[in-house]
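The residues making up each chain are set out below.
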Amino acid sequence: EEILSHPWVQEGGVAPDVPMESGVVARLQGFAALARIKEEAVDVIASFVTEKQLRGLRELFKFLDVDHTGTITVEQLSEVLRRKVAKLPHAEVQRLMLDMDVNGIIDYEDF
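Notes on the structure in this doc start here. Bear in mind the structure is a predicted one, so any value in this text is a computation, not a measurement.

The rules behind each value
Residues numbered from 1 in each chain as written. Predicted model: local features only at pLDDT ≥ 70, side-chain atom pairs only at ≥ 80, totals over all residues. Heavy atoms only, no water. Patch = residues over 30% accessible without salt bridge, like charges linked within 9 Å, V, L, I, M, F, W, Y side chains within 5 Å. Areas by Shrake-Rupley, 256 points an atom, 1.4 Å probe, with all protein chains shown as cover. Salt bridge = Lys/Arg side-chain N within 4 Å of Asp/Glu carboxyl O. Lys, Arg positive; Asp, Glu negative; His and termini not counted. Charge placed at Lys NZ, Arg CZ, Asp CG, Glu CD. Helix = DSSP H or I, 4+ residues; strand = E, 2+ residues; numbered from the N terminus. Buried < 20%, exposed > 50% of the residue type's maximum accessible area, 1.4 Å probe, protein only.

Focus on a negative patch on the surface
Next, step 1: The grouping of E39, E40, D43, D107, E109 and D110 at the surface amounts to a negative patch.
Next, step 2: With three residues, the single largest contributor to the negative patch is helix α2 (residues 22-46).
Next, step 3: Note that E109 resides in the segment after β2 (105-107).

Below, the structure is given as structure tokens:
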């Protein structure tokens, strides 16, 4: 219901009353299942991180979050890598970001 009321899928202000093809529904269900599996896998991996490693990750995040907003953008990561680490092409930094988070912004929890 929430998806159908979103302006992106509405036509003329009204969501169409047409059933989705079974293939679309199956793909959406598969995507949702993969997202849950990924979330569980990350939780399992995180449970093995020591307190010392966690402190190091916090410090690294703070270092990358140059504007202290609690998020890291492609531009920020690219700039820090260019100045401090290595000169990676912007496209490579974008690929790294997409590997980590689909929206191109990493918050501390995602990190």
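Let's talk about the pattern of salt bridges
A side chain with one charge can pair with a side chain of the opposite charge if their charged atoms come near.
Next, step 1: Across all of its chains, the model carries two salt bridges by this definition.
Next, step 2: The partner of R58 in a salt bridge is E51, with the nearest N and O atoms 3.8 Å apart.
Next, step 3: Judged by relative accessible area, which is 32%, R58 ranks as partly exposed.
Next, step 4: What makes E51 partly exposed here is its relative accessible area of 46%.
Next, step 5: Put simply, K62 and E59 hold a salt bridge, and the shortest N to O gap is 3.8 Å. Here K62 pairs with E59, and both are found in helix α3 (residues 51-64), just three residues apart, close to one helical turn.
Next, step 6: Note on K62: relative accessible area 52%, which makes it exposed.
Next, step 7: In this structure E59 comes out as partly exposed when scored by relative accessible area, which is 49%.

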